[in-house]
Amino acid sequence: MHLTELAAVGPFFALRTDGDELGGPGPGGYLPLGEEAVRLRVETVGRRLGTGEERVAASVAFQGVAGRLLSVALGAAVLVGRVPDLAGDGLRWHPLLTAPDDLRLPDVPFLPSGTDPVAGIAATVVEGRLAPLHDLFRDAVPVSSRVLWGNAGSALGGALRVLHTWCAERGRGEEAERALTRARALLEHPLLAGTGRLAATAAGPEFVRTTCCLYYRVPSGGMCGDCVLRHPPRAAAGAARG
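The rules we used
Residues numbered from 1 in each chain as written. Predicted model: local features only at pLDDT ≥ 70, side-chain atom pairs only at ≥ 80, totals over all residues. Heavy atoms only, no water. Salt bridge = Lys/Arg side-chain N within 4 Å of Asp/Glu carboxyl O. Helix = DSSP H or I, 4+ residues; strand = E, 2+ residues; numbered from the N terminus. Buried < 20%, exposed > 50% of the residue type's maximum accessible area, 1.4 Å probe, protein only. Expected span 1.5 Å × (residues − 1). Contact = heavy atoms within 4.5 Å. Axes fitted to C-alpha atoms, helices over the stretch in contact; angles between N-to-C directions. Left-handed = near helix turned anticlockwise from the far one by under 90°. Nonpolar A, V, L, I, M, F, W, Y, C, P; charged D, E, K, R; others polar. Disulfide = S-S within 2.5 Å. Patch = residues over 30% accessible without salt bridge, like charges linked within 9 Å, V, L, I, M, F, W, Y side chains within 5 Å. Areas by Shrake-Rupley, 256 points an atom, 1.4 Å probe, with all protein chains shown as cover. Pairing = 2+ DSSP bridges. Core = buried A, V, L, I, M, F, W, Y, C linked by side-chain atoms within 4.5 Å.

Draft legend 1. How the structure looks around the pattern of salt bridges. All chains considered together, the criterion is met by seven salt bridges. Between Arg-68 and Asp-102 there is a salt bridge, and its shortest N-O distance comes to 2.9 Å. A residue pair is termed long-range when its members are at least 10 positions apart, and Arg-68 in helix H2 (residues 54–80) and Asp-102 in the loop between strand S1 (92–93) and strand S2 (103–104) qualify at 34 residues. For Arg-68, a relative accessible area of 1% translates into the label buried. Owing to a relative accessible area of 4%, Asp-102 belongs among the buried residues under this scheme.

Below, the structure is given as structure tokens:
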């Protein structure tokens, strides 16, 4: 499979690789993943969610971009066999657009052949992209660091669930298992460790986070499927003993 075909897994796995920019609405266009893009994205998400709580908008926005980056990287590592260098200067983000058109990386550079995929994703996405974005979001809005890294763990769990299901439905059991193994190893990274519990169930991988993304505070919002508020640790422990 080629990188451009990852969109078949789902829109979060898509990466625009053409050289033509989309003429999106409003200011900015495609921007480096820096301060301006973060500010515009938080404003856009807050407006779309109908919330005046900036920390809620920032939390949801961070989870969205984390999900995009981790989905592309994990999908490529499992299905393409190589990891794209998503930490390079060429990656652009359109903060007013959504998947699959928000991320663009023309002339995709890959990490050297033979690079360990888990180490490659850890270096280029977790450390090279998410850590700087974490700081930029916190500079823009006073949102909890623990919440943001919990969002990253949740985003990885979501990417794994979609990818694993896609592979399993097509009889690609080896790749489904590879996705699970690599996601589990990534969750041991110091920045992601403790963000949740990943279990392999008969229905597929199940991730339960240890924090809340604050989406329940959105008007007409609710709790996400992996939210700690749905799966309190004490109740989970009691169920295990029972």
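Draft legend 2. Structural detail: the environment of Gly-114. Among the secondary structure elements, Gly-114 is positioned in the loop between S2 and helix H3 (117–140). Since its relative accessible area comes to 75%, Gly-114 is described here as exposed. In this structure the C-alpha to C-alpha distance between Gly-114 and Ala-202, which are 88 residues apart in sequence, comes to 32 Å.

Draft legend 3. How the structure looks around helix H1 (residues 35–49). Given a rise of 1.5 Å per residue, 15 residues ought to cover 21 Å, and the 21 Å separating the end C-alpha atoms of H1 matches this to within 8%. On its buried side, H1 packs onto H2, S1 and H3. Gly-50 sits one or two positions beyond H1 and adopts a positive phi of about 75°.

Draft legend 4. Region of the structure containing the packing of H3 against helix H4 (residues 145–169). Relative orientation of the contacting elements H3 and H4 amounts to 145°, with a least axis distance of 10 Å. In the crossing of H3 with H4, the sense of the turn from one axis to the other is right-handed. Across the interface between the two elements, Val-126, Leu-130, Ala-131, His-134, Phe-137 and Arg-138 of H3 pack against Ser-145, Leu-148, Trp-149 and Ala-152 of H4. Here the residues of the contact of H3 with H4 are counted per class, giving seven nonpolar, two polar and one charged.

Draft legend 5. Quick peek at the state of the cysteines. Evaluated as defined, the whole model comprises zero disulfides. Cys-227 takes part in no disulfide bond, and the closest cysteine sulfur to it belongs to Cys-212, at a distance of 3.9 Å. Given the relative accessible area of 3%, Cys-227 is considered buried.

Draft legend 6. Quick peek at a nonpolar patch on the surface. Judged by side-chain polarity, Tyr-216, Met-223 and Leu-229 come together as a nonpolar surface patch covering roughly 290 Å² of accessible area. Mapped onto the fold, Met-223 is located in the loop between strand S4 (204–209) and helix H6 (233–241). What makes Met-223 partly exposed here is its relative accessible area of 39%.

Draft legend 7. Quick peek at the pairing of strand S3 (residues 196–201). Direction of pairing for S3 relative to S4: antiparallel, over a ladder of six bridges. Paired with Arg-197 across the two strands is Val-208, which belongs to S4. Count of turn residues in the S3/S4 antiparallel hairpin: two residues.

Draft legend 8. Just the nonpolar core, in detail. Ranked by internal contacts, the top residues of the largest apolar core, which has 65 residues, are Leu-15, Leu-69, Leu-86, Leu-130, Phe-137 and Leu-163. Elements with a minimum of two residues in this core: H1, H2, H3, H4 and helix H5 (173–186). Counting residues per element, this core draws most heavily on H2, which supplies 15 residues. If we skip the residues at most four places from it in the chain, Leu-163 touches Val-9, Phe-13, Leu-74, Gly-75, Val-78, Leu-79 and Ala-179.

Draft legend 9. Broad picture of the side chain of Ser-71. By secondary structure assignment, the location of Ser-71 is in helix H2. According to the relative accessible area criterion, Ser-71 is buried, its value standing at 2%. When neighbours within four sequence positions are excluded, Ser-71 is seen to be in contact with Phe-12, Phe-13 and Ala-159.

Draft legend 10. Spotlight on H2. Over its 27 residues, H2 extends 38 Å from the first C-alpha to the last, a length consistent with the 39 Å expected when each residue adds 1.5 Å. The buried count for H2 comes to 22 of 27 residues, which makes it a mostly enclosed element. Looking one or two residues beyond H2, the residue adopting positive phi is Gly-81, at roughly 90°.

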